[in-house]
Amino acid sequence: RELEGCFLELSALVESRGARGSARPPGLTKLNAGAMGRGGSWELWGKESPETGLLQLYLEGHFSVPLDVLERCVLDEKFQKSYDPYIKEKRVVATVPLEDSGPLRTEQTGDLGTNSPRYAWSHAVGNQPDARAPPTTTRNEVIYHEVKFPMPLSNRDYVYYRRRVTQPGAHYTYIQRDVTPRALGEKHVASKRGVVRAGNGLYWQKCFGKAQPEAQPEAQPLGAVPGRAARPIGRCVMVVYTQDNIEGTIPRWLSNYAARKAPPGYVKQLEKAAVGLLVKEGRVTPDEARTLWRY
């Protein structure tokens, strides 16, 4: 129920932003913005939680790559390790029944509703679901994730639930929160010596990705490649709303500062990885990648 409502909530934010200019969660302040290749862009918004003092970030990225490629960059743990230098270890340690993760509730998510993902999709975009579209799939996983920190700081690791719904070529949605109580997380993966177990009930993340059509596909040639016909590549939008808690002795103001500075590099890294996948799979040429995305 929480994941289905999360899809409705975040997809509605994307749709209404285009219509009204802004539909983000209340109280956010714009922190940064930037451009990406082929007319893509991103914006970062944030606020400090009055209850915890932790920084909550809202990232909205308009990527000029197909949704299926971006989804692999975000949700494929093995591929993530190939391009993200901060991942020491990341893997699915268990697939559990949906009820085992309990309600994925935070002060932000609240009661996220009971609509089915297919209804939520049709409601958000204002039309009826396509009966020919691939069916949605739902997975509920326990993830172990160890993050590299620069010396002399200790690495951090997380054990969290990830519940996700995917409809190939249309959308994906997931909610993450750390496994609580800590003893339950220890049953999945024991703490490592010299690594700080982060989260402590205060880590959560919501993410929504949606395919978008090219504005003018017939007028989107892929670079000056002789003999190569103009063709659309695909675009998508991704919204991430998250709060982290790295624990340890690092002052909260410093961890909030680091969290604020990280997203620009993350967006660039994500776009570069996606373009690399397009080249590897033969969907664009290296020359097109250099011309259009400058990679």
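First, a word on scope: everything that follows refers to the structure included in this document. Fair warning: this is a prediction, and the values are worked out from it, not measured in the lab. (Residues numbered from 1 in each chain as written. Predicted model: local features only at pLDDT ≥ 70, side-chain atom pairs only at ≥ 80, totals over all residues. Heavy atoms only, no water.)

**Regarding the nonpolar core**
For clarity, the cut-off: Here the nonpolar core consists of buried residues drawn from Ala, Val, Leu, Ile, Met, Phe, Trp, Tyr and Cys, with membership extended through side-chain atoms lying within 4.5 Å. The rule is simple: take the accessible area with a 1.4 Å probe, protein chains only, and divide by the maximum for that residue type; under 20% is buried, over 50% is exposed, in between is partly exposed. Counting from the N terminus, the helices are DSSP H or I runs at least four residues long and the strands are E runs at least two residues long. When checking whether two residues touch, look at their non-hydrogen atoms; a contact exists if any pair is within 4.5 Å.
Residues F63, V65, L70, Y172, M238 and W293 are the most contacted members of the largest nonpolar core, which totals 34 residues. Breaking this core down by element, the ones donating at least two residues are β2 (41-48), β3 (55-63), α2 (67-75), α3 (77-83), β7 (171-178), β10 (235-243), α6 (252-280) and α7 (286-292). The leading source of residues in this core is α6, at 7 residues. With residues near it in sequence (within four places) discarded, Y172 still touches L67, L70, E71, V74, L75, V165, T166, C207, F208, G209 and M238. Counting residues in hydrophobic clusters, the runner-up holds 9 residues, among them I143, F149, Y158 and A198.

**Side note on unusual backbone geometry**
Residues M151 and P152 are joined by a peptide bond in cis, for which omega reads 5°. Mapped onto the elements, P152 comes out in the loop between β5 (137-147) and β6 (155-167). Cis geometry marks the peptide bond from T180 to P181, where omega comes out at -5°. The topology assignment puts P181 in the loop between β7 and α5 (182-188). Positive phi outside glycine occurs at N200, with the angle close to 50°. Structurally, the position occupied by N200 is in the loop between β8 (195-197) and β9 (204-212).

**Points about the pattern of salt bridges**
Applied cut-off: A side-chain nitrogen of Lys or Arg and a carboxyl oxygen of Asp or Glu constitute a salt bridge if their distance falls within 4 Å.
Scanning the entire structure with this criterion turns up 14 salt bridges. A salt bridge links R72 to E281, with the nearest nitrogen and oxygen atoms 2.3 Å apart. Residue R72 is located in helix α2, and its partner E281 is located in the loop between α6 and α7; the two are separated by 209 residues in the primary sequence. Overall, the relative accessible area of 33% leaves R72 in the partly exposed class. We classify E281 as partly exposed; its relative accessible area is 37%. One continuous salt-bridge network, built from bridges that share partners, spans E77, R139, E141, R162 and R164.

**Here's the deal with the pairing of β10**
For clarity, the threshold we go by: Following DSSP output, two strands are said to pair if at least two bridges run between them.
Of all 9 residues making up β10, 9 are buried, and the element is well covered by its neighbours. Alignment of β3 against β10, held across 8 bridges, turns out to be antiparallel. Within the sheet, the bridge partner assigned to F63 lies in β10 and is C236. Sheet analysis places β9 next to β10, joined by 9 bridges and oriented antiparallel. Note on β10: the bridge partner recorded for G209 is M238.

**A look at the layout of surface pockets**
Defined as follows: We place a 1 Å grid over just the protein atoms. Points where a 1.4 Å probe fits but has no way out form a cavity, open points with protein on both sides within 12 Å along at least 5 of 7 lines form a pocket, and any residue with an atom within 4 Å of a point lines it. Grid points are joined across faces, edges and corners, and a volume is the space filled by probe spheres set on the points. Classification used: nonpolar for Ala, Val, Leu, Ile, Met, Phe, Trp, Tyr, Cys and Pro, charged for Asp, Glu, Lys and Arg, polar for all others including Gly.
Volume-wise, the largest pocket comes out at about 1,400 Å³. Lining the largest pocket are 43 residues, and of these V147, D244, A259, A262 and Y266 lie nearest its centre. Going through the elements one at a time, β3, α3, β4 (87-95), β5, β6, β7, β10 and α6 are the ones with two or more residues in the lining of the largest pocket. The element best represented in the lining of the largest pocket is α6, accounting for 10 residues. Taken together, the residues that form the lining of the largest pocket break down as 27 nonpolar, 11 polar and 5 charged.

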